[in-house]
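Given next are the chains, with one letter for each unit.
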Amino acid sequence: MNVIVLVFAEARVVIGRSSIEVALPSGASVAQLRREIGQQFPRLQSLLGRSAVAVNQRFADDATTLGEHDEIAWIPPVSGG
Amino acid sequence: MNVIVLVFAEARVVIGRSSIEVALPSGASVAQLRREIGQQFPRLQSLLGRSAVAVNQRFADDATTLGEHDEIAWIPPVSGG
Amino acid sequence: MIQITSSPIATEHVLRAVGDPRCGASVLFLGTTRAETDGQPTETLEYECYEPMARQILSELEAEARRRWPIEQCWVVHRVGAVGIGEASVAIAVSSPHRADAFAAGQWLIDSVKQRVPIWKKEISPDGREQWQHPQSEAERRTRMTSS
Amino acid sequence: MIQITSSPIATEHVLRAVGDPRCGASVLFLGTTRAETDGQPTETLEYECYEPMARQILSELEAEARRRWPIEQCWVVHRVGAVGIGEASVAIAVSSPHRADAFAAGQWLIDSVKQRVPIWKKEISPDGREQWQHPQSEAERRTRMTSS
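Values in this document were obtained by computation on a predicted structure and should not be read as measured data.

Asks: Describe the sheet that holds strand S4 (residues 58–60) of chain B, naming the residues involved and giving the relevant values.
Replies: Residue and element names in this part refer to chain B. Strand order in the open sheet formed by five strands is S2-S1-S5-S3-S4, and the pairing between neighbours is mixed. Here the strands that pair on one side only, and so sit at the sheet edges, are strand S2 (19–23) and S4. Shown here is a sheet whose adjacent strand axes are inclined to one another by a mean of 35°, direction ignored. In terms of strand pairing, strand S1 (residues 2–7) meets S2 through five bridges, oriented antiparallel. Within the sheet, the bridge partner assigned to Val 3 lies in S2 and is Val 22.

Asks: With reference to specific residues and values, describe the arrangement of the chains.
Replies: Of all three pairs of chains sharing an interface, the pair with the highest contact count is chains C and D. Between chain A and chain B there is no contact, and the shortest C-alpha to C-alpha separation is 30 Å.

Asks: Before we move on, can you summarise the pairing of strand S1 (residues 2–7) of chain A with the specific residues and values?
Replies: Residue and element names in this part refer to chain A. Burial of the side chains of S1 is restricted to one face: Val 3, Val 5 and Val 7 are buried, whereas none of Asn 2, Ile 4 and Leu 6 on the reverse face is. For S1 and strand S5 (residues 72–75), the ladder comprises three bridges, and the chain directions are parallel. For Leu 6, the partnering residue across the bridge sits in S5 and is Ala 73.

Asks: Describe the packing of helix H2 (residues 51–68) of chain C against helix H3 (residues 99–116) of chain C, listing the residues and the values that go with them.
Replies: Residue and element names in this part refer to chain C. Running from N to C, H2 and H3 cross one another at 150°; their axes reach a closest spacing of 11 Å. Taken together, the axes of H2 and H3 lie roughly antiparallel to each other. With respect to the hand of their crossing, H2 and H3 are arranged in right-handed fashion. Between H2 and H3, the contacting residues are Ile 57, Leu 58, Leu 61, Glu 62, Glu 64, Ala 65 and Arg 68 on the first element and Trp 108, Leu 109, Ser 112, Val 113 and Arg 116 on the second. Here the residues of the contact of H2 with H3 sort into seven nonpolar, one polar and four charged.

Definitions and cut-offs
- Residues numbered from 1 in each chain as written.
- Chains lettered and ligands numbered in written order.
- Predicted model: local features only at pLDDT ≥ 70, side-chain atom pairs only at ≥ 80, totals over all residues.
- Heavy atoms only, no water.
- Pairing = 2+ DSSP bridges.
- Helix = DSSP H or I, 4+ residues; strand = E, 2+ residues; numbered from the N terminus.
- Axes fitted to C-alpha atoms, helices over the stretch in contact; angles between N-to-C directions.
- Contact = heavy atoms within 4.5 Å.
- Buried < 20%, exposed > 50% of the residue type's maximum accessible area, 1.4 Å probe, protein only.
- Parallel < 35°, antiparallel > 145°, perpendicular 65-115°, else oblique.
- Left-handed = near helix turned anticlockwise from the far one by under 90°.
- Nonpolar A, V, L, I, M, F, W, Y, C, P; charged D, E, K, R; others polar.

Next up, the structure:
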């Protein structure tokens, strides 16, 4: 399956797009998504390691499984306020 | 000597004036002033016991001695804010 | 900056006045007249002030707050006379490079104003009864410190 | 009430909105852009936001604050886009019958906004250098929590 991942802030700027498409085996987990993104964007591995992943606008742990229609977001460390 | 004592809030209202004149031996202390006021206004003894006395706009303890030209004030428990 | 005024407190002005390019944080506290106190309706409050001493003590409190916390701007404004329901009787605003200092200084200032400044409040109920507020004891004073 | 806006924050409006006749205390926190951070000059800040999730988390924070403290009114406003020196990027206002609750809730809300809401800040220096702020570690995050 292909999932769409929203990207923000430094990740967005380095990648040059505000979302990316990632090919994953169906029923893949957040952990698999992280590995796949890390391989596609090796320059962003350090930032990725410090980032959270949100699924349908909620923070998700590595074991969460993903579906094609989920709203997935890569959340770099936040700095609002 | 005669000293002028400024009075506020409930004390002012009960006494009906915003200052009182009190006759004291020269060099009298705040403690003596308190006793004299308590005798003049027995209805206000309880409030007086909970009040502070200020001399020249500073809180003063019972041992402070008074002069005729000091600015003296009877400070009931405060409730600003 | 210390102000004692019988006019409504211009809160937006106070807030603008503590803005400072060195500061990332401003905290404003407003003490306002409640419609009820302990279940008793209040119509209006009236504040009386021993003004020269109140100014003196407020200035000392500002100086002490500046010694204890790295605050850049500090305003304490207390209203006197009649204050209607919902209106501010006191405004305290501080700005600081770091927000924890602004919160701590603001809270210490309002606690200290309530304990140390010669200002007195009279509650007037809708039926016209007037009651000067003179906290009874240390225990009651501690209770007041947690109220409003 | 939660707002995310690209317009300047109308602080006076926020303050009026939390006024409540049941409340004796209002606390307003403003986070503003500092001219310098750690000795480096800042020209402007730019905030990016994952808006639907930010709204979701801000609403949860408001609900949690209302569970933890007896607050009557609660506003959290975060600005996005460019924010000049001295302007507010965030405003938090709460009102409560008792002031200790208003201070505690306000401080908890701003701490939580900084930790949990998907909003990111980019610092732009006068020479045009841009630096996204992505705190490095828990230790650094704790440092940030005490800053601005």
